[in-house]
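# Inside the fold
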Amino acid sequence: MKPKSCFMVMAVVMFFVVYKLTKFQQTQEEMVSISHPFDSMVEEDTTEAVKIGYLPQGIIESQSDLELKPLWLTKSSNLQKDDQPRKNLLAMAVGIKQKKNVDDIVNKFFSENFTVILFHYDGNVNDWHDFEWSDSAIHIVANHQTKWWFAKRFMHPDVVSAYDYIFLWDEDLGIDNFHPGRYLKIVESERLDISQPALDPSLSEVHHRITIRRSKGNLHRKVSDSRTRRRCSGTNNGPPCSGFVEGMAPVFSRPAWRCVWHLIQNDLIHGWGIDYKLGYCAQGDRTKRVGVIDSEYVVHQGVKTLGGFSEEQNTFLRRVQTSKGMIIQNQPQKKSVDQSMHRIKVRKQATLELQKFQDRWDRAIKDDENWVDPFQPHEGGSEDQVLAKKT
Ligand SMILES: *[C@@H]1O[C@H](CO)[C@@H](O)[C@H](O)[C@H]1NC(C)=O
């Protein structure tokens, strides 16, 4: 190579290097001077326009659903799936021992075009496959987990945002007198954010009197005692006298579920205490937006499972029996010693969690200076009296 051309090549390379360096420095300076990109990303997470990495806004898909999608489109799948989007979701924690009852429930909900997700807490999925609907349901397995554990992990509000109403049910509900479609019509027309079907008192395990079915009318929103000094007498308007549903068969509107999901504590898996706070997730006055549907009702069989609240304290149950002479037919049967030991332990844990939950709530109220209790003047129920004393 001639020295001249060698020099030329060197010059071009040098120029290129210098150019690149300057450019790099420039962009670096730009990035630093305009903002600290990572700092601002963290900050902006709390604002509405969330920056996700370096993605352009338009590509960000923050929501999802639980619909099964075909691997390829055929004419029939095209026709079937797309013109009738599913709008409501049934989620249940199930064990194979309740197979027959779950089959009844799922069939009824599938015929109303619900999407169904089953949480298998006993690890057994295979024995469900003889049901025709099995392939249409979503199955999730995790051993010995509760309904609340599953719901927290697999029902994030963004994941279930496609559904207008979410049924988060126990598996031991008798639904001979319950129709999902008719139920939803009432809930919609009454604008209930949180609801449950009433319990048939003659056949159900009852914990709270507000859940007992009334024979007249479509629904009720409160229960009141005529005798003074009873829990729901006078001005006691708070849960469990109104604004209250129990954990075995709650139904949530989309916005209510977004709130309830946040209320469910990641580590407190028995869910005790949540029922008393559900009213805070109504989109308005809990005495209006929370209700119990009487015309569509269920039997709460009170089978002791991991499903959810089935281990609830039944002090009220006893009171109902003595004052009204009601017969509770589904008293728990005699159990083996082993089972009883488990029951006792679960109960102890749940009680502990209830205390933790209450402590967290109290602390959260104290720490949040801007928080105002919208229901303050009408608080009722023993739990809230404790709250009032503490503050
Ligand atoms: C359920 O979906 C089918 C098929 O798309 C439709 O024909 C039927 O009317 C729907 N039923 C209800 C109760 O929405």
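Residues numbered from 1 in each chain as written. Predicted model: local features only at pLDDT ≥ 70, side-chain atom pairs only at ≥ 80, totals over all residues.

## A short note on the overall build of the protein chain
In terms of regular secondary structure, the protein chain is built from twelve helices and nine strands. Relative to all contacts within the protein chain whose residues are 6 or more apart in sequence, the contacts with residues 24 or more apart total 77%. (Helix = DSSP H or I, 4+ residues; strand = E, 2+ residues; numbered from the N terminus. Contact = placed C-beta atoms within 7 Å.)

## Some thoughts on the nonpolar core
Among the nonpolar cores identified, the biggest contains 68 residues, and Leu89, Leu90, Ala91, Met92, Ile166, Phe167 and Ile194 are the most heavily contacted of them. Excluding its chain neighbours within four sequence positions, the residues that come into contact with Ile166 are Leu89, Ala91, Val160, Phe252 and Trp257. (Core = buried A, V, L, I, M, F, W, Y, C linked by C-beta atoms within 7 Å. Buried ≥ 20, exposed ≤ 12 C-beta atoms within 10 Å, placed from the backbone.)

## Comments concerning the confidence of the model for the protein chain
Of the residues in the protein chain, 76% have a pLDDT of 70 or more, and the chain-wide mean is 82. Long-range and interchain partners of residues 31–47, a stretch whose pLDDT sits below 50, account for six contacts in this model, where long-range means more than four residues apart. Overall, residues 378–391 carries pLDDT values under 50, and its contacts beyond four positions in sequence, including any with other chains, amount to 22 contacts. (pLDDT = per-residue confidence, 0-100.)

## Digging into the pairing of strand S1 (residues 88–94)
Within a regular strand, the side chains alternate between the two sheet faces. For S1, the buried fraction is high: seven of the seven residues fall into the buried class. Here S1 shows no split at all, with Asn88, Leu90, Met92 and Val94 on one side and Leu89, Ala91 and Ala93 on the other all buried. With six bridges connecting them, S1 and strand S2 (residues 115–120) associate as parallel partners. Within the sheet, the bridge partner assigned to Ala93 lies in S2 and is Phe119. Read as a crossover between parallel neighbours, the route from S1 over helix H4 (residues 99–110) to S2 is right-handed. (Pairing = 2+ DSSP bridges. Right-handed = clockwise from strand over helix to strand, strands pointing away.)

## A closer look at helix H6 (residues 180–189)
Every buried residue of H6 is listed here: Pro180, Tyr183, Leu184 and Val187. Summarising the axial view, the buried residues of H6 lie within an arc of 95°, below the 170-degree limit, and thus occupy one face. Immediately downstream of H6, the backbone of Arg191 shows phi near 55°, a positive value. (Arc of directions from axis to C-beta.)

## Brief notes about the environment of Thr146
The topology assignment puts Thr146 in the loop between strand S3 (138–141) and helix H5 (147–154). Once the C-alpha coordinates of Thr146 and Tyr121 are considered, the two residues, 25 residues apart in sequence, prove to be 7.0 Å apart.

## Considerations on H5
Of all the eight residues making up H5, six are buried; the element is thus mostly covered by neighbouring parts of the structure. Listed in full, the buried residues belonging to H5 are Lys147, Trp148, Trp149, Phe150, Ala151 and Lys152. Looking at the buried side of H5, the elements it contacts are S1, S2, S3 and strand S4 (165–169).

## Things to note about the environment of His144
Residue placement: His144 occurs in the loop between S3 and H5. Residue classification places His144 among the exposed residues on the basis of 10 C-beta atoms within 10 Å. Counting along the chain gives 49 residues from His144 to Gly95, while the straight-line C-alpha distance between them is 9.9 Å.

## Some remarks on unusual backbone geometry
Going from Pro239 to Pro240, the amide bond is cis rather than trans, its omega being 10°. Among the structural elements, Pro240 can be located in the loop between strand S7 (219–220) and strand S8 (251–253). The residue His144 is not glycine, and still its phi comes out positive at about 55°.

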